[in-house]
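For reference, the chains in residue letters:
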Amino acid sequence: MMDKYRVHEVAKDLNVPSKEVADLLTQNTDSPKKHMTALTEEELDIVFDHYTKQKEVRSFETYFKLGEKARPQQAAAPKGEEKPAGEGRPAQQGQRPQGQRPQGNSQQPRGGQQRPQGDRGPRPQGGSQPRQQQGRPAPRPAAPARPAPDPSKRTDDGTGVRHVDMRASHVDLDKYNERYEQIAPTNLVAQKDTGVKKQKINQRSAQRGKPVLSRKQKEEEKLRRLELERQRRQKLEITIPDEITVGDLALRLKVTAAEIVKRLMGVGVMASVSQVIDYDTAALVAMEIGAKVEKEVVVTIEDRLFVEEEDSEENLQPRCPIVVVMGHVDHGKTSLLDAIRNTNVTSGEAGGITQHIGAYQVQVNGEPITFLDTPGHAAFTSMRARGAQVTDIAVLVVAADDGIMPQTVEAINHAKAAEVPIIVAINKIDKPTANPDKVKQELTEYGLVPEEWGGDVICVPLSAKTGEGVNNLLENIQLVAEVQELRANPDRLAKGAVIEAKLDKGRGPVATILVQNGTLHTGDIVIAGTSLGKVRVMLNDKGQRVQSAGPSTPVEITGLAEVPSAGDIFNAVEDERLAKELVEKRRTEAKEEVFKAYQKVTLDNLFSQISEGEMKELPIIVKADVQGSVEAVKQSLEKLSNDEVRVRVIHGAVGAVSESDVMLATASGAIIIGFNVRPDPVARDNAERDGVEIRLYRIIYDAIEDVQSALKGMLAPKYRDVDLGRAEVRQVYKISNVGTVAGCYVVEGKITRSANIRVVRDGIIIADDKLSSLKRFKDDAKEVARGFECGMTLEKYSDIKEGDVFEAYIVEEYRD
Ligand code: GDP
């Protein structure tokens, strides 16, 4: 390339008019030079010499003062760059030439050795003398300039000469490395180029054949660069939020994500660019890089709107307990709630009309107790699923003549999941068949050991019918509440949960709310979920108008703009404008939530959630056709717990996967595993809506294997059943030679001839078979769609009964 170095190029590089260069050469050589004339080494030397003299730096004192800090860098890097500080880019290019020039005269400098590769071919002419000697000494005035930047180096070598040489190298590099020119054309201005240039030079130096020296230089350069980098970063002040992705941190630190990842590894954290790391880890890395770190405080609308500071000791006053009544259907929940309410009415204002507002208060020995008037755990769990932890105590009603039933177990598990203390009301003791001891015995099987048997669970035998024992229950509730030391601060803006809400024709949206902390007043601005409004009228549980409601008090309010959902948290606020903003934000979040549902825990995403540190516990709900399976699965699954994740079966029961299972799963972030059972349609729809994973198995081992592989992140691609449709068996015909024909009506999807059929009776799979014939009237049909009748026979199973459900499905291979 050097032979192609033409006048106009030289001029451009020197930042002078090409005519000037041409003239200079014409004057100094015997042949006239033009714009396009290619120059020889000698001619180049003349030009460089000339300009070097011209651009000579007068005072190096000043020059170095200017770049005292930067100097090392210069040394390390191509001289050009540092200078720029003072002279600007163009100068840089010019300088280089200057540098070159020096050697120029004695171009030989480049010594053949350096060039070994030969690309410099032309250069080689010179001897192979080491660069240093290359006579830098004599060189133009510029020479001295160069040297300066490398003081340290020089010291090392003990020769002042050497730097000159280096400069020479730069010149070479920049001028004659075509590739380089391409990569970093004339404007080496950009900072990035700096790096490139340095690199080049390093390579060059290595090539130069002065390995020892070059390595040293390299090393020094590297150190200097690092030091500079450190200094630069030291000035870097960044803020880091509670959590930050690796990529984002890299951006803030102005380094590559790869560097962050590397440093994270250094501190034992394996994280990818998109992964989120916590503040401490991020701060550690940032400080290591040399940045000043401050914690980013994110002030949300909620922060500004709600008074969230802890109540101080002196502000806290005792509040009454909030109690929920749960238990199996028909065990007497409603009767008990009525009995309690009536006890109170008679002892209180006679004839007082109690109005159903979803909760009521009774006075026991002058102290109130608040009961949620919605029996059953559905309301309780749905509330918990929405984030409202409302109740302090759960009363578990068990009929003494019936004992523990499936919903009793559910109720126990719901209460346990919510960590609410349980008091057992052994009901119906008035019945002759009542056997309270049997109930107690059964309770122990579920981890509830009665007090009288050495446990900590209070069991109160009572009769909701006769009222016997009801007061005893109430007193025990107070006892448990006392231990809990329930307290709240009545002197603050109210906060609580929505118990019930409806749209009343005359009054508009009506909501029963339970104040949990603070005091609600009429006229207060209230925000509940996405509903906002001013409390217009406030009624207590007796239907009386009240002006204020303190902690643990249920009241019905009107004035909200829309009907909130049961379980929504409500807050009284001061700033209506901000509250409006929050409502908007919540609306948007609600929409996002729909998408997020897909990100709930599933066996497929379990591993990634574990590795992201989001999962510490995998709650599982097990439903099976027989109790033995429930127990077996429960034990096997829990054994899969490892150091990172604890597998916990929070509920196990016999029967179809129910709506309440899905609710519990939603509230607890659990997945549901079913054996030989199906979800009922409502449960299935809800699970789909809420993004709850229901995994159905026929073999326990498969389930265990799946959970195990999911824990290890190795859930193998599998076969899965793809449901096609469902048909109800409306009639069963036994036909000789043909067998049992099921006269069916397709209620969902379609049935195809090639489908497999699961025979489901009362939510339990009793057979799994292949279809052997599918007919519409007398004709064979390929498929029968929803809303049509058809006749089906199965290959093996013939014990079909009216009311059975045929689920048609095909087996499909899939990969995640
Ligand atoms: P829930 O479904 O749990 O709310 O149960 P209910 O309160 O509706 O009661 C179911 C049935 O049990 C009703 O017929 C009640 O009359 C009856 N029952 C409730 N408590 C008692 C009791 O203490 N003794 C007797 N003998 N029957 C009761």
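Rules and cut-offs
- Counting of residues starts from 1 at the beginning of each chain's written sequence and follows it residue by residue.
- Local features are withheld for residues below a pLDDT of 70 in this predicted model, meaning they are given only at 70 or higher, and side-chain atom pairs are given and counted only at 80 or more; totals for whole chains, interfaces and linings count all residues.
- As a convention, hydrogens and water are excluded, and side-chain values are obtained from all of the structure's heavy atoms.
- Any residue with a heavy atom positioned within 4 Å of a molecule or strand is treated as near that molecule or strand.
- Here a polar contact is recorded for every N or O atom pair within 3.5 Å, except that within protein the pair must consist of a potential hydrogen donor and a potential acceptor, and residues adjacent in sequence are included only if both atoms are side-chain atoms.
- Methods summary: accessible areas were calculated by the Shrake-Rupley approach with a probe of 1.4 Å, and residue burial reflects only the protein chains presented.
- Secondary structure elements are taken from DSSP: a helix is a run of H or I of four residues or more, a strand is a run of E of two residues or more, and numbering for both begins at the N terminus.
- Gly counts as polar in this scheme, as do all residues outside two lists: the nonpolar Ala, Val, Leu, Ile, Met, Phe, Trp, Tyr, Cys and Pro, and the charged Asp, Glu, Lys and Arg.
- By this rule, a helix spans an expected 1.5 Å times one less than how many residues it contains.
- Whether a residue is buried, partly exposed or exposed follows from its accessible area with a 1.4 Å probe, protein chains only, as a fraction of its type maximum: under 20%, in between, or over 50%, in that order.
- Strands were regarded as paired on the criterion that DSSP finds at least two bridges between them.
- Note on definitions: angles span 0 to 180 degrees between N-to-C directions of axes, and those axes are lines fitted to C-alpha atoms, for helices only across the stretch in contact.
- Whether two residues are in contact is decided by their heavy atoms, any of which lying within 4.5 Å being enough.
- Think of it this way: a Phe, Tyr or Trp ring, Trp meaning its six-membered ring, pairs with another when their centres are within 6.5 Å, and the plane angle makes it stacked under 30 degrees, edge-to-face over 60, tilted otherwise.
- Over a ring means this: the NZ of a Lys or the CZ of an Arg is within 6 Å of the ring centre and within 35 degrees of the ring normal.
- Whether a crossover is right-handed comes down to one check: with the strands pointing away from the viewer, does the path from the first strand over the helix to the second run clockwise; if it does, it is right-handed.
- For this analysis, a nonpolar core means a set of buried residues of the types Ala, Val, Leu, Ile, Met, Phe, Trp, Tyr and Cys, connected via side-chain atoms within 4.5 Å.
- Patch definition: residues above 30% relative accessible area lacking any salt bridge, with like charges linked at up to 9 Å and the nonpolar side chains Val, Leu, Ile, Met, Phe, Trp and Tyr linked at up to 5 Å.
- The term salt bridge refers to a pairing of a side-chain nitrogen on Lys or Arg with a carboxyl oxygen on Asp or Glu at a separation within 4 Å.

**Topic: the site of the ligand**
Looking at the ligand, there are 15 residues lining it, with Asp 330, Lys 333, Thr 334, Ser 335 and Asp 430 nearest. Here an oxygen atom of the ligand sits 3.1 Å away from a polar atom, N or O, in the side chain of Lys 428. In the environment of the ligand, an oxygen atom lies 3.2 Å from a nitrogen or oxygen atom belonging to the side chain of Ser 463. Starting from 580 Å² of accessible surface for the ligand in isolation, the protein chains cover 73%. Among the elements that line the shell around the ligand, the one with the most residues is helix H18 (residues 333–347), at three residues. Grouping the amino acids of the shell around the ligand by side-chain chemistry returns two nonpolar, seven polar and six charged.

**Looking at helix H20 (residues 406–417)**
Since there are 3.6 residues in each turn of an α-helix, residues three or four apart along the chain are aligned in direction. End to end, H20 covers 16 Å across 12 residues, agreeing with the expected 16 Å (1.5 Å per residue, within 8%). Three or more residues of H20 are buried, namely Thr 408, Val 409, Glu 410, Ala 411, Ile 412, Asn 413, His 414 and Ala 415. In the segment just after H20, Glu 419 is the residue with positive phi, at about 55°.

**Considerations on the sheet that holds strand E23 (residues 646–654)**
The pairing of strands in a sheet comes from backbone hydrogen bonds and takes either a parallel or an antiparallel form. Pairing is parallel in the open sheet, where four strands are placed in the order E23-E22-E24-E25. Among the strands making up the open sheet, the edge pair consists of E23 and strand E25 (694–697). Within this sheet the neighbouring strands show an average axis-to-axis angle of 25°, counted without direction. Pairing geometry for strand E22 (residues 617–624) and E23, over eight bridges, is parallel. When the sheet's bridge partners are listed, Lys 623 is paired in E23 with Ala 653. Against the sheet, helix H25 (residues 627–638) contacts E22, E23 and strand E24 (671–675), and its axis sits at roughly 175° relative to E23.

**Re the side chain of Thr 752**
Within the secondary structure, Thr 752 is located in strand E27 (residues 739–752). Relative accessible area serves as the criterion here: at 11%, Thr 752 is assigned to the buried category. Those residues in contact with Thr 752 that lie beyond four places of it in its chain are Leu 724, Leu 771, Leu 774, Lys 782 and Glu 783.

**Describing the packing of aromatic side chains**
The final tally for this structure, using the stated rule, is two aromatic pairs. Positioned above the aromatic ring of Tyr 279, the side-chain terminus of Lys 295 is 4.6 Å from the ring centre. Positioned above the aromatic ring of Tyr 809 is the side chain of Arg 758, whose terminal nitrogen or guanidinium carbon lies 4.2 Å from the ring centre.

**Let's talk about the sheet that holds strand E17 (residues 531–534)**
The antiparallel open sheet is built from seven strands, whose spatial order is E17-E16-E21-E13-E14-E20-E18. The open sheet has two edge strands with one neighbour each: E17 and strand E18 (538–539). Looking at chain direction, strand E13 (residues 495–504) and strand E14 (residues 508–517) are connected through nine bridges and run antiparallel. Paired with Lys 495 across the bridge in E14 is Asn 517.

**Things to note about the pairing of E22**
The two faces of the sheet receive side chains in turn, since in a regular strand these alternate between them. Burial analysis of E22 places seven of its eight residues in the buried class, the great majority of the element. In this fold, E22 hands off to H25, which returns the chain to E23; that crossover is right-handed. The sheet contact formed by E22 and E24 spans five bridges and is parallel. In the strand pairing of E24, Val 622 is matched with Ile 673.

**Remarks on the nonpolar core**
The biggest cluster of nonpolar side chains holds 31 residues, and the ones touching the most others in it are Leu 372, Val 390, Leu 396, Ile 422, Val 424, Leu 443 and Leu 448. Elements with a minimum of two residues in this core: strand E6 (322–327), strand E9 (393–399), H20, strand E10 (422–427), helix H21 (436–445) and E13. For this core, the element with the most residues is H20, which contributes four residues. Once residues lying within four places of it in the same chain are set aside, the contact partners of Leu 396 are Met 326, Gly 327, Thr 408, Ala 411, Ile 412, Ile 422, Ile 423, Val 424, Ala 425, Leu 443 and Leu 448. Counting 27 residues, the second largest nonpolar core, distinct from the first, contains Ile 340, Tyr 360, Val 395 and Ala 481.

**What about a nonpolar patch on the surface?**
Together, Tyr 733, Ile 735 and Val 738 give the surface a local cluster of nonpolar side chains, amounting to about 270 Å² of exposed area. Note on placement: Val 738 falls in the loop between strand E26 (718–735) and E27.

**Here we look at the pattern of salt bridges**
It is possible for side chains of opposite charge to pair when their charged atoms get near one another. In the structure shown here, the tally under the stated rule is 35 salt bridges. Across the pair Glu 581 and Arg 577 runs a salt bridge whose closest N-O atoms are separated by 3.3 Å. On the criterion of helical spacing, the pair formed by Glu 581 and Arg 577 is a turn pair, its members being four residues apart in helix H23 (residues 576–596). Exposure remark for Glu 581: the relative accessible area of 32% places this residue in the partly exposed category. Its salt-bridge partner being Asp 780, residue Lys 775 comes within 3.3 Å of it at the nearest N-O pair.

**Here's the deal with the pairing of strand E8 (residues 367–372)**
In this structure, E6 lies alongside E8, joined through two bridges in parallel fashion. Bridge assignment links Ile 322 to a residue of E8, and that residue is Thr 370. Relative to E8, strand E7 (residues 359–364) is paired through six bridges, and the arrangement is antiparallel. Pairing of Gln 361 across the sheet is with Thr 370, part of E8. The hairpin formed by E7 and E8 contains two residues between the paired strands, and Asn 365 there has a positive phi angle of roughly 50°.

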